[in-house]
Amino acid sequence: MARPLVEVENLTKYFPITRGILIQRQVGNVQAVDGVSFTITQGETLGLVGESGCGKTTAGRTILGLYPATAGAVHIDGQDLMTAKGADMLAIRRKAQMIFPDPFASLNPRWTVNAIVSEPLRVHKLFHNEQERSERVRNLMALVGLSPRLVNRFPHEFSGGQRQRIGIARALASEPAFIVCDEPISALDVSIQAQVINLLEDLQDQLGLTYLFIAHDLSMVRHICDRVAVMYLGKLVELAQKNDLYENPLHPYTQALISAVPVSDPAAARRRRRIILQGDVPSPSKPPPGCRFHTRCPRAVDRCTESEPVWQDAGDGHFVACHLL
Ligand code: SF4
């Protein structure tokens with residue numbers, strides 16, 4: 001069995017809510033991520049899905065140390081992110097990178113592609129001389145399908161898809177083992193999305209990369225991921241192999257999400273019953289007691305308002321948090 005490259009245990013991230021002008025006092029917390037645990041094995045792609053605001057991006061950024069965690073533990077290739085400092089933290093940063101959702105906002109408009117892709121090479125001291133650095137940048141450009149002749153251009157001279165390729169080249173520059181892909185195609189035209197997904201798959205095959213793929217497009221997630229984790233209001237509610245999750249979802253929230261995924265077979269589409277959830281997602285600063293989903297769950301029972309469901313193994317690596325299991 002492949003070893004876990006990424007181990008996330010009880011990860012919690014709260015953002016304080018403060019009031020006051022001269023003296024700020026804390027009046028509560030936004031509970032963005034609350035007790036999330038999972039592992040990702042080397043070479044695997046784990047999908048993290050859920051509605052906007054469910055905490056999936058915050059989870060991805062906290063796993064990389066871009067936000068300090070409130071509680072919990074993250075180990076990347078055996079190294080403890082929470083206690084790492086100095087050279088150890090730099091080593092983790094080299095191994096774990098991120099592809100951002102918006103290629104327009106994530107690239108410095110004043111820098112050439114050469115400067116953007118060279119930055120991680122400089123930070124991690126990955127070249128001995130100018131010629132080696134320049135060659136490495138050109139190789140990275142070619143690796144992501146961009147002409148090395150374009151290295152001295154600025155981000156605004158590229159299309160959206162090309163800019164995302166520049167972002168991918170920057171993420172690859174430090175030779176990472178693990179990449180958090182945070183909605184990497186959500187800002188792109190539909191016609192370009194498949195090209196970027198194919199590129200990520202090719203790179204994974206060539207370089208043995210491990211991905212945490214954050215997305216809300218469940219069709220795309222089924223295509224690219226090996227396992228899928230579903231988040232609701234800061235908590236994981238279900239995690240399973242992708243086919244198991246899509247064909248046999250156990251949690252009522254997952255069932256509702258999957259009932260909305262378009263199917264190409266008209267007969268199957270006619271047979272399927274769409275589950276429409278009522279009400280809005282509650283505020284993460286005041287999550288409901290008991291099961292956080294009970295205010296919208298079509299199958300809620302009295303117990304759901306009082307006690308929080310535990311994370312249970314339903315067999316074959318299929319985990320779910322629901323009293324009805
Ligand atoms: Fe619905 Fe209750 Fe299960 Fe929560 S625990 S998903 S409210 S049935």
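Residues numbered from 1 in each chain as written. Predicted model: local features only at pLDDT ≥ 70, side-chain atom pairs only at ≥ 80, totals over all residues. Heavy atoms only, no water.

Chemist: An account of the sheet that holds strand β11 (residues 312-313) is requested, with residue identities and associated values reported.
Modeler: Strand order across the open sheet formed by 8 strands is β6-β7-β8-β3-β9-β10-β12-β11, with mixed pairing between neighbours. The outermost strands of the open sheet, each flanked by one partner alone, are β6 (96-99) and β11. As paired elements, strand β7 (residues 178-182) and strand β8 (residues 210-215) share 5 bridges and run parallel to each other. What sits directly across from F178, in β8, is T210. In the packing of helix α1 (residues 56-63) onto the sheet, the strands contacted are β3 (45-49), β6, β7, β8 and β9 (227-232), and the crossing angle to β8 comes to about 155°. Strands in contact with helix α6 (residues 190-207) are β3, β6 and β8; relative to β8, the strand with the most contacts, it is inclined by about 160°. (Pairing = 2+ DSSP bridges. Helix = DSSP H or I, 4+ residues; strand = E, 2+ residues; numbered from the N terminus. Contact = heavy atoms within 4.5 Å. Axes fitted to C-alpha atoms, helices over the stretch in contact; angles between N-to-C directions.)

Chemist: Please set out the nonpolar core residue by residue, giving values where relevant.
Modeler: Core analysis: the largest hydrophobic core is formed by 60 residues, its most contacted members being I166, I168, L172, L200, F213, V221 and Y253. Among the elements that line this core, the one with the most residues is α6, at 6 residues. When near neighbours in sequence (up to four residues on either side) are disregarded, I168 contacts I99, V144, V196, L199, L200 and L203. If you look at the next biggest cluster of nonpolar residues, it comprises 31 residues, including A32, V33, I40 and L239. (Core = buried A, V, L, I, M, F, W, Y, C linked by side-chain atoms within 4.5 Å. Buried < 20%, exposed > 50% of the residue type's maximum accessible area, 1.4 Å probe, protein only.)

Chemist: Provide a residue-level description of the side chain of E238, including the pertinent values.
Modeler: Structurally, E238 can be placed in strand β10 (residues 235-241). One buried charged side chain, E238, makes no salt bridge at all; its nearest oppositely charged neighbour is R299, positioned 9.2 Å away. Of the polar contacts made by the side chain of E238, one reaches the side chain of H318; its length is 2.5 Å. (Lys, Arg positive; Asp, Glu negative; His and termini not counted. Salt bridge = Lys/Arg side-chain N within 4 Å of Asp/Glu carboxyl O. Polar contact = N/O pair within 3.5 Å; in protein donor to acceptor, adjacent residues only side chain to side chain.)

Chemist: Describe the pattern of salt bridges, with residues and values.
Modeler: Within the structure shown, the criterion is met by 12 salt bridges. Among the salt bridges present, the one from R94 reaches E175, with a minimum N-O distance of 2.9 Å. With R94 in helix α2 (residues 86-95) and E175 in the loop between α5 (160-172) and β7, this pair connects stretches of sequence that are 81 residues apart. For R136, the salt bridge identified is with E175, shortest N-O distance 3.4 Å. On the criterion of sequence distance, the pair formed by R136 in helix α4 (residues 130-143) and E175 in the loop between α5 and β7 is long-range, its members being 39 residues apart. It is possible to trace a salt-bridge network through shared partners that takes in D34, K235, R292 and E308.

Chemist: Got a sec to walk through the pairing of β7? Specific residues and values, please.
Modeler: Burial runs high along β7: 5 of the 5 residues are buried. Of the two faces of β7, the one holding F178, V180 and D182 and the one holding I179 and C181 are both buried throughout. Bridging between β6 and β7 involves 4 bridges; their strand directions are parallel. The partner of M98 across the bridge, within β7, is V180. For the crossover that starts at β7, traverses α6 and ends in the parallel β8, the hand is right-handed. (Right-handed = clockwise from strand over helix to strand, strands pointing away.)

Chemist: Quick one: what's the story with the sheet that holds strand β2 (residues 25-41), residue by residue and with numbers?
Modeler: Across the sheet, which stays open at both edges, the 4 strands sit in the order β2-β1-β4-β5 with antiparallel pairing between neighbours. Single-partner strands in this sheet number two, and they are β2 and β5 (79-80). Where strand β4 (residues 71-76) lies against β5, 2 bridges are found, and the strand directions are antiparallel. Following the sheet pairing, H75 is matched in β5 by D80. Helix-sheet contacts for α1 involve β1 (4-19), β2 and β4, and the interaxial angle to β1 is about 115°.

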